[in-house]
Amino acid sequence: MRDISLHVLDLVQNSLAAEATDIQITLDEDLEQNLLCLTIRDNGRGMSAEQCQAALDPFYTTRTPRNVGLGLSLLQAATERAGGQLQLYSQLGKGTTVVASFVYDNVDRPPIGDMSLTLTSIIALNEQCQFTYQHRRGERGFTLSSQELRQELAGIPLDHPQVAAWLRDYVREQEKTLEV
Ligand SMILES: Nc1ncnc2c1ncn2[C@@H]1O[C@H](COP(=O)(O)OP(=O)(O)OP(=O)(O)O)[C@@H](O)[C@H]1O
Ligand SMILES: [Mg+2]
């Protein structure tokens, strides 16, 4: 079973392939409604209604040279196994939003996984793109913005090993505060 942080890597890859420069990731652990909801919103090239429908077909891809595209269909299957669903909203030239929901306490709901590692890698490897991550759990939550981070770092590159290590620890600390 792939954990959610790996699906996030996949979805961010899609957004980057669509030339997004702004990617917003939200992970919402809604304990009251027993739902876990992952949302990824980008400002990439978007898709037409037909492309949107086709995108969930494992045999549809605009990637070359492969002729299968599995990212979205695997995620859709994972949501449905756990009593949830995948929704795609897109507008050509504007961007795309993917919403994946899971029944929180379903035995087949994938674990969140190591979001600190996912975030650290995507932020370090894609300086040209702005990332915002928001993780909510019940009443608690925290936000991470690569743009704010860049401002604080005043010229130190985001892929500097010490920055990456600090960022990973920072996200882990923040996630711990959501647990209590
Ligand atoms: N955020 C997005 N913006 C624009 N188009 C998208 C986006 N996400 C997916 N697509 C389109 O949907 C297709 C299918 O996406 P999917 O992730 O399922 O497969 P893939 O990215 O082509 O291949 P894989 O994920 O297996 O590497 C993509 O090839 C692309 O054309
Ligand atoms: Mg993909």
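Anyway, here's the lowdown on the structure attached to this text.

Criteria and thresholds
- Residues numbered from 1 in each chain as written.
- Chains lettered and ligands numbered in written order.
- Predicted model: local features only at pLDDT ≥ 70, side-chain atom pairs only at ≥ 80, totals over all residues.
- Helix = DSSP H or I, 4+ residues; strand = E, 2+ residues; numbered from the N terminus.
- Rg over C-alpha atoms; globule rule 2.2 N^0.38 Å.
- Buried ≥ 20, exposed ≤ 12 C-beta atoms within 10 Å, placed from the backbone.
- Contact = placed C-beta atoms within 7 Å.
- Near = placed C-beta within 6 Å.
- Nonpolar A, V, L, I, M, F, W, Y, C, P; charged D, E, K, R; others polar.
- Core = buried A, V, L, I, M, F, W, Y, C linked by C-beta atoms within 7 Å.
- Pairing = 2+ DSSP bridges.
- Axes fitted to C-alpha atoms, helices over the stretch in contact; angles between N-to-C directions.

**A short note on the overall build of the protein chain**
Thinking step 1. Across its full length, the protein chain holds 6 helices and 6 strands.
Thinking step 2. A globule of 180 residues ought to have a C-alpha radius of gyration of about 16 Å, and the protein chain, at 16 Å, matches this closely.
Thinking step 3. Reported as C-alpha extents along the three principal axes, the dimensions of the protein chain are approximately 45 × 35 × 25 Å.
Thinking step 4. Scored against the burial criterion, the 180 residues of the protein chain give a buried share of 27%.
Thinking step 5. Within the protein chain, contacts between residues separated by at least 24 positions form 62% of all contacts whose residues are at least 6 apart in sequence.

**Topic: the site of ligand 1**
Thinking step 1. Taken together, the neighbourhood of ligand 1 is formed by 20 residues, with Asn-14, Ala-18, Thr-61, Gly-69 and Gly-71 sitting nearest.
Thinking step 2. At the level of secondary structure, the elements contributing two or more residues to the shell around ligand 1 comprise helix H1 (4–17) and helix H3 (71–81).
Thinking step 3. Of the residues that constitute the shell around ligand 1, the class distribution is 6 nonpolar, 10 polar and 4 charged.

**Notes on the environment of His-7**
Thinking step 1. Considering the arrangement of structural elements, one finds His-7 in helix H1.
Thinking step 2. In sequence terms His-7 and Leu-72 are 65 residues apart; their C-alpha atoms lie 8.7 Å from each other.
Thinking step 3. Contact partners of His-7, with chain neighbours within four places excluded, come to Arg-2 and Leu-75.

**Notes on the nonpolar core**
Thinking step 1. The biggest cluster of nonpolar side chains holds 30 residues, and the ones touching the most others in it are Val-12, Ile-23, Ile-25, Ile-40, Leu-119 and Phe-131.
Thinking step 2. Elements represented by at least two residues in this core include exactly H1, strand E1 (22–30), strand E2 (35–42), H3, strand E4 (95–103), helix H4 (115–125), strand E5 (130–137) and helix H6 (161–179).
Thinking step 3. Setting aside residues up to four positions removed in sequence, Leu-119 forms contacts with Tyr-133, Leu-144 and Val-171.

**Some words on the sheet that holds E5**
Thinking step 1. If you trace the 6 strands from one edge of the open sheet to the other, you get E3-E4-E2-E1-E5-E6, paired in mixed fashion. The sheet is open, and its two borders are formed by strand E3 (85–91) and strand E6 (140–145), each paired with just one other strand. Strand-to-strand twist of the sheet, defined as the mean angle between neighbouring strand axes without regard to direction, takes the value 10°.
Thinking step 2. Of the strand pairs in this sheet, E1 and E5 are connected by 8 bridges, and their pairing is parallel. Its bridge partner lying in E5, Glu-29 is registered against Arg-137.
Thinking step 3. Packed onto the sheet, H1 meets E1, E2 and E4 and runs at close to 20° relative to E2.

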